[in-house]
Amino acid sequence: MKKFLLAALALVMMLTCFTACGGQSDLAYVEDNGKLTIGITIYSPMNYYDDNGDLIGFDTEFAKAVCAKLGVEPDFKVIDWKNKETELKAKNIDAIWNGLTVTEERRENMDFSTSYLINKQCIVIKKEDAEKYTSTESLKDALLTAEAESAGETAIKADKNLKNATYNPSDSQQNAFVALLAGNVDAIVVDYTMAKSTCGSGDYKDFVMIEGIELTQEEYAIGFRVGSDMTAKVNKIIEELVADGTLKKIAEKYDLTDLYEEALGK
Amino acid sequence: MAIFEAKNIYKKFGDTEVLKGIDFSMEKGEVLCIIGSSGSGKTTLLRCINFLETPDRGEFYLNGNLLFDAADKKSHSDEEIRQKRLHLGLVFQSFNLFPQYTVLDNVCLAPLLLAKESPDYKKNKKQIREEIRAHAIELLKKVGLEDKLDSYPCQISGGQQQRVAIARALALKPDILCFDEPTSALDPEITVEVLAVMKNLAKEDTTMLVVTHEMGFAREVSDKVIFMDNGVIAEMGDAEEVFTNPKSRRLQEFLSVMK
Amino acid sequence: MSFLDVTLKLLSGFQDTLLLFFFTLLLALPLGLVFTFGTMSKWKPLSFVTRGFVYIIRGTPLLLQLMVVVYIPGIVFNSPLVRWPIFAGNTNAAYFAGALFAFVINYACYFSEIYRGGIESISQGQYEAGQVLGMTKSQIFFRIVLLQVIKRIMAPVANETITLVKDTALAATVNVYEIYFMSREILNSEFIIWPLFYSGAFYLIFNAGLTWLFRHIEKKLSYFRS
C-alpha cells in the first residue's frame, strides 16, 4: 500500500512538472493563438448584453482596449464562476476578468494584475425592511448569505456584528439575490457594483442597499495563470490606458468613476 | 451397420463422475428409450450426444464414421461442433420455443439460416424459401397444428408447444431425433397428445433416442431400452425383455416404484 | 423581457439540451452493449477491466466526470480541450463535445448494466435450443436473444432515458449553453426569476412525448411473452 502511494505521488509530481515545464511563455502562447480567451459571467455592469444582444460592460470594453494594444482578439467565454480556477489552470481560458476580487487565498491559484477598481461590499435588503435594518448592529440576529469564499463572506466574518448572524453561504452572488427574493434570508452581502445595477430592476425592484455602512474594502483585478508573463505585460498596458484617459472614459460610461478613481485615478 | 454408436463415454462435473463408461449403439429406424431414476446420468448422456456437454473421454460414431473424439481437442471448436450437431435433433423438457416467432417461423428459422450458408442461396432465394416453408407446414400438419401456423407460443397450450418443438427439430432432417423427458412438464391428459405424435414418428421409422419416465410409452414403442444407474448402463436390451424380465435388483426396484 | 423573448431564448438553449440528449442516446445505447460484452466476456482480464471501469463510472457523480473530461486534458496533459485542433477554435463545440463524451460514457455504463441484467435473465434453454438447431453464437444472440432482451429491458431503459433528459442540465456547469444555463443567464442579466421555473415546462413536455413513445414500443412488443 505504501509503495503504491509513493508511486502515485511520484506520478502526480511528474505530471505537475510536465505541466509546469510545458513549453513556451504564456504571452507567446496567447500571441500564437491570436486571441485572449477571457472567462466571464454575465453580470452588469462588468459584462452583460445590451438590447441588441451585444456584449458590453466595463470589463468588456476594458478587455477590448487591452487586447487591441496586445494585438490579439478578445474571446469572451461565459463560464461557471465556481470553476474559474480550474478553467484557468486547464488553459480553457487565459484570464479571469469579471469583477474578480483580489484575495490572499486566490493568489495560490492565480496572479493578479494591477487593481483597477475598488470593490466595496454592501448589504442589500428588501425595501419593506428598510426601517428595521439600518446598521450592522440591527442585523446581528438576522439570516444572512453571501457567495461562498467571496469578498462578501470575508466582510461578514470580519464585522463584529454580522459574524454573530446566522450565515449560510450561497454558491453565487446571483443565488444570494434569489435567496433574498425567496425570503430565505433577511440580508445579503454582495459587491457594490453588482448591487448598484441590480437593485430596483426586474424581480429585484424592491431591493435596496443599506446606505452608509462601511464594510471591508477590496479591489478588482484581472487573474492570470501563476507565473505568467502576461501579468507584467498587461500591467504596462493598463498604465498606458490610465495615462491616456481611456480607462477613465469607460468608467464614466458605466457610472463607476468613484470606484475607478479610488483605485487608479488619483 | 449401426447408425449411431457411443464408445466408452465419461463425464465429470467437478469431482462428481456422472458418466462412467457408456457404450451402446442403435440401428437406423430404431427407437431407443433410456430410463432410470433422477441423477442416474441419463440426461447428461443425452446432452453429451447433442454436444450441450463435452464428454471427458470417449467417441461417437455415425454410420461407422468417427463423429466425435474427446481426445481430439482440436475438433472441439464451436464451428465444428455446430456442424456435428446437425446430425442430431433435440426436443427439450421445457420446449424452449422462441417466444417472439410464430409457430411457423419457429420451424422455419433454423433451416432458413442454414440455407443462407449454401452458395446457391442468392440465386434461388425465392424457391429455397418456398421449399422450407412448404416443408415446415407439412411437418406442422404431421403434428396436428396446421391451424396454428400464425399463433405465438404464448397463445397455445404446453402440449401444442411441445409438438411445435418436435416439428422444429424435424425441420433440419436430423439422422437421430432425441427427446429429453418430453412430457415431464405436461399434465397427464396433454401428455397423451405428445406421445401420440411420437408414436406416429416411430411408425414412420424415425430414429429416436428418448429419455423418459413414461414406462408405458417405453414399453410399447421402443425397440431397445437402456436402464441407467449411477452413471453406467445397468441393463440394456429388447424392450419386452427388459420390462418383463428385469435381471438386476436395481431395475426391479425401479420398475416396481414406477408402476 | 417579454414572454416571447424569454421563450425564444430558452428555445435556443433547449436546442442544445435536445442535441445533447439525442447524441448521448444514439452513442450510449450501442456502446453500452459493447461494455456488456466486455463485462460478460469469458476472457478474465477483459471482463475484469470492463467491470472495474463500469464500477468507477457508476460509482462517481456525473458532475465530477464532466469536470474530469473538460479540465484534466489541460491541467494534467497541458493540452486544453478547447484548443484541440479538431474543434478548430470553436470553443462552444469543444465544451459540447466534452460534455457529450462524459454523458455517453456515463450512460453507456448504466445501459450496460441494464443489458447485462436482461441478457442474464434469458433462460439457458433459449441458447441451447438455438445451439441444437445448428445456429452460430451471433445468430443465437441477434435472432433469438436480442429481441427478448429488448422487451425485458424496455422499462428500465425508459426510466434511464427520462433521467437523461433531466441530467442534461448538469452540462451547464461545463459551459454548455442548454436551457437551464439560459434561464440562469436571464436571471443574472435581467433579474427575473420566472424563466427558471418556466424552463421546467420544456422538460415536462418533452418527457411526456418520450413516455408516450416508450409506452407505444412496449405495446408493440406485447405480442409475445418470454
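Keep in mind the model is a prediction, meaning the values are calculated, not measured.

A. Highlighting the overall build of chain A. A count of helices and strands for chain A gives 10 helices and 12 strands. On C-alpha atoms alone, chain A measures out to a radius of gyration of 20 Å, which is about the 18 Å that the 2.2 N^0.38 rule sets for 266 residues. The principal-axis extent of the C-alpha atoms belonging to chain A is close to 60 × 60 × 35 Å. The buried share of chain A, reckoned over its 266 residues, is 52%. For chain A, contacts bridging at least 24 residues in sequence account for 71% of all contacts bridging at least 6. Accessible area of chain A: about 12200 Å², with a carbon and sulfur share of 51%. In chain A, which carries 29 positive and 45 negative side-chain charges, the distance between the mean positions of the two groups comes to 4 Å.

B. Looking closely at the arrangement of the chains. When the two pairs of chains in contact are compared, the highest contact count belongs to chains A and C. Spatially, chain A is disjoint from chain B: no contact exists, and the shortest C-alpha separation is 37 Å.

C. Fine view of the pairing of strand S8 (residues 208-211) of chain B. Taking every second residue as pointing to the same face, both faces of S8 of chain B are buried, with Met 208 and Val 210 of chain B on one and Leu 209 and Val 211 of chain B on the other. What joins strand S7 (residues 176-180) of chain B to S8 of chain B is helix H6 (residues 188-203) of chain B, and the crossover it makes is right-handed.

D. Representation of a positive patch on the surface within the structure. Taken together, the side chains of Lys 116, Lys 122, Lys 125 and Arg 129 of chain B together with Arg 143 of chain C make up a positively charged region of the molecular surface. Among the structural elements, Arg 143 of chain C can be located in helix H6 (residues 137-167).

E. Representation of the domain arrangement of chain A. Residue and element names in this part refer to chain A. By domain assignment, chain A separates into domain 1 (22-116 + 221-264) and domain 2 (120-218). Distance from the C-alpha centre of domain 1 to the C-alpha centre of domain 2: 26 Å. Contacts between domain 1 and domain 2 engage 16 residues on the former and 14 residues on the latter. Across the domain 1/domain 2 interface, buried area totals approximately 1200 Å², and carbon plus sulfur atoms make up 47% of it. Looking at the side of domain 1 facing domain 2, the largest losses of area belong to Tyr 43, Thr 101 and Leu 259, adding up to 35% of the total buried there. Put simply, domain 1 and domain 2 have four residue pairs in polar contact (both at pLDDT 80 or more) between them. When residues in the side of domain 1 that touches domain 2 are grouped by element, the largest group, three residues, is from helix H10 (residues 257-265). Residue composition of the side of domain 1 that touches domain 2, by class: eight nonpolar, three polar and five charged.

F. The arrangement of the pattern of salt bridges in detail. All names here are of chain A. Going through the model one piece at a time under the given rule, you end up with 34 salt bridges over all chains. The shortest N-O distance in the salt bridge between Glu 61 and Lys 253 comes to 2.4 Å. Of the two residues, Glu 61 sits in helix H3 (residues 58-70) while Lys 253 sits in helix H9 (residues 246-253), which places them 192 residues apart along the sequence. Overall, Lys 253 belongs to the exposed group, its relative accessible area being 54%. A salt bridge links Asp 94 to Arg 225, with the shortest nitrogen-to-oxygen separation between them at 3.0 Å.

G. Examining the side chain of Lys 84 of chain B more closely. Residue and element names in this part refer to chain B. Relative to the assigned elements, Lys 84 resides in helix H2 (residues 78-85). The buried charged residue Lys 84 lacks any salt bridge partner; its closest oppositely charged side chain belongs to Glu 80, at an N-O distance of 4.1 Å. Excluding residues within four positions of it along the chain, Lys 84 makes contact with Phe 51, Leu 67, Phe 68 and Ser 75.

H. Fine view of unusual backbone geometry. With omega at 10°, the peptide bond leading from Ser 44 of chain A into Pro 45 of chain A counts as cis. Among the structural elements, Pro 45 of chain A can be located in the loop between strand S1 (35-40) and strand S2 (48-49). Its identity as a non-glycine residue notwithstanding, Lys 173 of chain B has a phi of 50°, on the positive side. Relative to the helices and strands, Lys 173 of chain B resides in the loop between helix H5 (158-170) and S7. The residue Asn 175 of chain C is not glycine, and still its phi comes out positive at about 65°. With respect to the secondary-structure elements, Asn 175 of chain C resides in the loop between H6 and helix H7 (179-190).

I. Spatial organisation of the interface of chain A and chain C. Each partner contributes to the interface: chain A provides 35 residues, whereas chain C provides 31 residues. Regarding the contact of chain A and chain C, the summed buried area is about 2800 Å², with carbon and sulfur atoms giving 52% of it. When the area that chain A buries against chain C is broken down by residue, the three leading residues are Lys 77, Asn 92 and Asp 203 of chain A, summing to 19%. At the boundary of chain A and chain C, one finds one salt bridge. At the boundary of chain A and chain C, one finds 17 residue pairs in polar contact (both at pLDDT 80 or more).

J. Broad picture of the sheet that holds strand S9 (residues 224-229) of chain B. All names here are of chain B. Taken in spatial order, the six strands of this open sheet run S6-S7-S8-S3-S9-S10, and their pairing is mixed. Edge strands, defined here as strands with exactly one partner in the open sheet, are strand S6 (88-91) and strand S10 (232-238). Adjacent strand axes in the sheet meet at a mean angle of 20°, parallel and antiparallel pairs treated alike. The strands that helix H9 (residues 249-258) touches are strand S3 (31-35), S9 and S10; relative to S9, the one it contacts most, it runs at about 100°.

K. Just the interface of chain C and chain B, in detail. Contact with chain C, which involves 21 residues of that partner, is made by 26 residues of chain B. Buried surface at the junction of chain C and chain B, both sides included, amounts to about 2200 Å², of which 60% is carbon and sulfur. Counting the contacts that link chain C with chain B gives two salt bridges. As a salt-bridge pair, Asp 78 of chain B and Lys 137 of chain C come within 3.2 Å of each other at their nearest N and O atoms. By residue number, the principal contributor to the side of chain C that touches chain B is helix H5 (residues 124-132) of chain C, which donates seven residues.

L. Up close: the nonpolar core. In terms of nonpolar packing, the biggest core is built from 167 residues, with Phe 58, Phe 62 and Val 124 of chain A together with Phe 4, Phe 24, Phe 60 and Leu 209 of chain B touching the most fellow members. For this core, the element with the most residues is helix H4 (residues 91-120) of chain C, which contributes 16 residues. A domain-level breakdown of this core finds at least three residues from each of domain 1 (22-116 + 221-264) and domain 2 (120-218) of chain A. When sequence neighbours within four positions are dropped, the list of residues in contact with Val 124 of chain A reads Phe 177, Leu 180, Asp 186, Ala 187, Ile 188, Val 190, Ala 195, Cys 199, Phe 207, Val 208 and Met 209 of chain A. Val 91, Ile 132, Ile 166 and Val 197 of chain B belong to the second largest nonpolar core, which has 53 residues in total.

M. Region of the structure containing the confidence of the model for chain C. Looking at chain C as a whole, its pLDDT mean stands at 93, while 100% of the residues score no less than 70. For this predicted complex, the interface confidence reaches an ipTM of 0.92, while the overall pTM sits at 0.78.

N. Fine view of the packing of aromatic side chains. The tally for this structure, following the rule as stated, stands at 36 aromatic pairs over all chains. With 5.8 Å between their ring centres and 35° between their planes, Phe 60 of chain B and Phe 68 of chain B make a pair best called tilted. For Phe 68 of chain B, a relative accessible area of 1% translates into the label buried. When the ring of Phe 21 of chain C is compared with that of Phe 206 of chain C, the centres are 5.2 Å apart and the planes differ by 90°; the resulting orientation is edge-to-face. Placement of Phe 21 of chain C in helix H1 (residues 3-39) and of Phe 206 of chain C in helix H8 (residues 194-220) is noted, with a sequence separation of 185 residues between them. Note that Lys 91 of chain A overlies the ring of Tyr 29 of chain A, its terminal NZ or CZ placed 4.3 Å from the centroid. Its end group placed over the ring of Phe 98 of chain B, Arg 168 of chain B keeps NZ or CZ at 4.5 Å from the ring centre.

Quick notes on the rules
Note on numbering: residues in each chain are counted from 1, in written sequence order. Lettering for chains starts from A, numbering for ligands starts from 1, and both go in the order in which the items are written. Since the coordinates come from a predicted model, pLDDT governs what is reported: local features require at least 70, and pairs of side-chain atoms require 80 or more to be given and counted, while whole-chain, interface and lining totals use all residues. Where side-chain values are given, they derive from all heavy atoms of the structure, hydrogens and water being excluded. The secondary structure listing takes helices from DSSP runs of H or I that are at least 4 residues long and strands from runs of E that are at least 2 residues long, numbered from the N terminus. A radius of gyration in this sense is built from C-alpha atoms; the matching globule rule multiplies 2.2 Å by the number of residues raised to 0.38. Only protein chains enter the accessibility calculation, which uses a 1.4 Å probe. A residue is then buried if its area is under 20% of the maximum for its type, exposed if over 50%, and partly exposed in between. By definition in these notes, contact holds between two residues if any of their heavy atoms fall within 4.5 Å. Surface accessibility in these figures is a Shrake-Rupley result with a 1.4 Å probe; residues are shielded only by whichever protein chains are displayed. Charge counting treats Lys and Arg as positive and Asp and Glu as negative, with His and both chain ends excluded. By convention, the point assigned to a charge is CZ for Arg, NZ for Lys, CD for Glu and CG for Asp. The definition of a right-handed crossover adopted here requires that, viewed with the strands pointing away, the path from the first strand over the helix to the second runs clockwise. To count toward a patch, a residue needs a relative accessible area over 30% and no salt bridge; like charges are then connected within 9 Å, while nonpolar side chains (Val, Leu, Ile, Met, Phe, Trp, Tyr) are connected within 5 Å. Every case where a carboxyl oxygen of Asp or Glu lies within 4 Å of a side-chain nitrogen of Lys or Arg is listed as a salt bridge. For the purposes of this description, domain bounds are those given by an automatic or database domain assignment. We define buried area as the total accessible area lost by two parts upon association, computed with a 1.4 Å probe and summed across both. Counted as a polar contact is a pair of N or O atoms within 3.5 Å, where, for protein atoms, one must be capable of donating a hydrogen and the other of accepting one, and residues adjacent in sequence contribute only when both atoms are in side chains. For this scheme, ten residues count as nonpolar: Ala, Val, Leu, Ile, Met, Phe, Trp, Tyr, Cys and Pro. Four count as charged, namely Asp, Glu, Lys and Arg, and the remainder, Gly too, count as polar. Any two strands between which DSSP finds at least two bridges are classified as paired. Where helices are involved, their axes are fitted lines through C-alpha atoms of the stretch in contact, as for all axes, and angles between N-to-C directions lie from 0 to 180°. By convention a nonpolar core is built from buried Ala, Val, Leu, Ile, Met, Phe, Trp, Tyr and Cys residues, the set being connected through side-chain atoms within 4.5 Å. pLDDT is defined as a per-residue confidence score from the predictor, taking values between 0 and 100. The pairing test for Phe, Tyr and Trp rings, Trp by its six-membered ring, is centres within 6.5 Å, and the orientation test on the planes gives stacked under 30 degrees, edge-to-face over 60, and tilted for anything in between. Only when the NZ of Lys or the CZ of Arg is both within 6 Å of the ring centre and within 35 degrees of the ring normal is a charge said to sit over the ring.

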